[in-house]
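Listed here are the chains, written in short residue letters.
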Amino acid sequence: IDQIIDADVETIQIDGFPDLTAIANQIAAIPPQVDFGQAFFVEFDWKGSSLVDFDGFVFGQDDPIDGPFLISASSPNSTHPFLRLDVDCISSQCSEVIAMTGFTSATPDGLYGFGMGQLEQSSVSTNIAGDSANLFVRVKQGGTLVRTANGGSEVTGGTTIFEVSPPSTGEGNIWLAGKINEATGEVSHINKILNLETPEAAFIDEPELAAVAGGILETQLQKTVSELSSELQSIQLSINQTLDATLRTFVEFNWDASTLGDLDAHLNGPDGNGGSFHVFSGSPESIFGAKLEGDCTGSCRSEVITIDELNAGDYRLSLFNVDATGDVSSTALTDNASSIVMKINQNGTLQRAANGGFRIINGTTINQISPSPSGPGNTWIAANINRQQFASEAEVSIVNQITTFTNGSAVTGFSSID
């Protein structure tokens, strides 16, 4: 035949071959379709790009849940029973996958939009358009979900039924790639770059998705109000407080929502004889009224130190990143700051979790803080406790600084910050 044809035009033409022309146009008219009865994946690929921290997203309306849903790094699993983000990758040359793990209903009527965003950039950014040759979104039927060496996910095998790159022009930090109609399984191109300052432009030809997106914005606004209320409560718990020196005190460090592995809770304090003691994984139990309830080195991601007796003097509460020992430039603690919490509790109950960690339930939370998200270091100095001689109360003062110690045994706390 020896012809070059344009398959993107409305009507394909193969000169001199009317029968083949008719067949080609019939094939071109068949939209790609996903089978909701089988697992499928939406893969977001920026492996050829030097840009960092893209977020893949799927949003929509579906009958298993009430109201619109959004699956992304900020809401990876909780808003839809069958869709989940496998892992959030924040580096360059990476990829993410949102997996559909089940069939939604006997009478499917869902509508899904999907794409990629770079939320750390301005809404008028040209990053997406400028790097369009290195950005891809694929819908894959079947295949195997695997983790990549740089912390992302990708799908090997299976059948790619849809692939698109963004347009090479346009401003915005959101790329709306396509949509899926659950009733038909049809996957369609949208392929628009969205400027968050003028969102209606992205949905000008998509009234159904526009309604869903509007519902998500409303839901997110409600969530923001709820989070603000929670944040105000957290602020109240992050100011200096006093605790009853005659009661048992629990200090819980929890990093369950983070990507970190082996962290160690530390307590430095006075022994009542003019000296000091140090409770941590290397010395978990002390005769000076304090002990580490259990060293967490696996998936449990929480540790508790119990203080049965407060001596007169200064105590310091710290969290050491064992995996960053010797790394003075590590930003792992600050990168995960919002997912790390220390709370000081009295009259509570020590509870062992199924994963081997310890938690504190009930009682009164005296203080609750997360690390200040700034500065490198392997140790978070969270707070001090001071009890004056013969006083019935002890004062808790917030330190909230990141610093570095050579190893866990060196976490004396006081000299590095004071």
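For the structure itself, consult the block above.
Values in this document were obtained by computation on a predicted structure and should not be read as measured data.

Considering the environment of Ala324
So, point 1. Inspection of the secondary structure puts Ala324 in the loop between strand E19 (313–321) and helix H4 (332–335).
So, point 2. Sequence separation of Ala324 and Asn407 is 83 residues, and the distance between their C-alpha atoms is 9.2 Å.
So, point 3. Apart from the residues lying within four places of it in its own chain, the contact partners of Ala324 are Ser330 and Asn378.

A word on the state of the cysteines
So, point 1. Summed over all chains, the structure comprises two disulfides.
So, point 2. In this model Cys89 forms its disulfide with Cys94; the gap between the sulfur atoms is 1.9 Å. Handedness here is read from the sign of the S-S torsion; for Cys89 and Cys94, about 105 degrees, the answer is right-handed.
So, point 3. We classify Cys94 as buried; its relative accessible area is 1%.
So, point 4. Between Cys296 and Cys300 runs a disulfide, and the two sulfur atoms are separated by 1.8 Å.

Focus on the environment of His189
So, point 1. If you trace the backbone, His189 turns up in strand E12 (residues 187–194).
So, point 2. When the C-alpha atoms of His189 and Pro31 are compared, they prove to be 9.8 Å apart, with 158 residues separating the residues in sequence.
So, point 3. Beyond its immediate chain neighbours, meaning those up to four positions away, His189 contacts Phe162, Glu163, Val164, Ala177 and Gly178.

Here's the deal with the side chain of Ser72
So, point 1. Tracing the sequence through the fold places Ser72 in the loop between strand E3 (69–71) and strand E4 (83–85).
So, point 2. By relative accessible area, Ser72 is classed as buried at 8%.

Quick look at the pairing of strand E1 (residues 40–45)
On any regular strand, side chains alternate: one points to one face of the sheet, the next to the other face.
So, point 1. For E1, the buried fraction is high: six of the six residues fall into the buried class.
So, point 2. Where burial is concerned, the two faces of E1 agree: the one with Phe40, Val42 and Phe44 and the one with Phe41, Glu43 and Asp45 are both buried.
So, point 3. Both E1 and strand E5 (residues 95–100) contribute to a ladder of six bridges, which runs antiparallel. Across the sheet, the residue bridging to Glu43 is Val97, located in E5.
So, point 4. Sheet topology places E1 next to strand E7 (residues 136–141); six bridges connect them, and they run antiparallel. Directly across from Phe44, in E7, lies its bridge partner Val137.

Thresholds, definitions, all that
- Residues numbered from 1 in each chain as written.
- Predicted model: local features only at pLDDT ≥ 70, side-chain atom pairs only at ≥ 80, totals over all residues.
- Heavy atoms only, no water.
- Helix = DSSP H or I, 4+ residues; strand = E, 2+ residues; numbered from the N terminus.
- Contact = heavy atoms within 4.5 Å.
- Disulfide = S-S within 2.5 Å.
- Buried < 20%, exposed > 50% of the residue type's maximum accessible area, 1.4 Å probe, protein only.
- Pairing = 2+ DSSP bridges.

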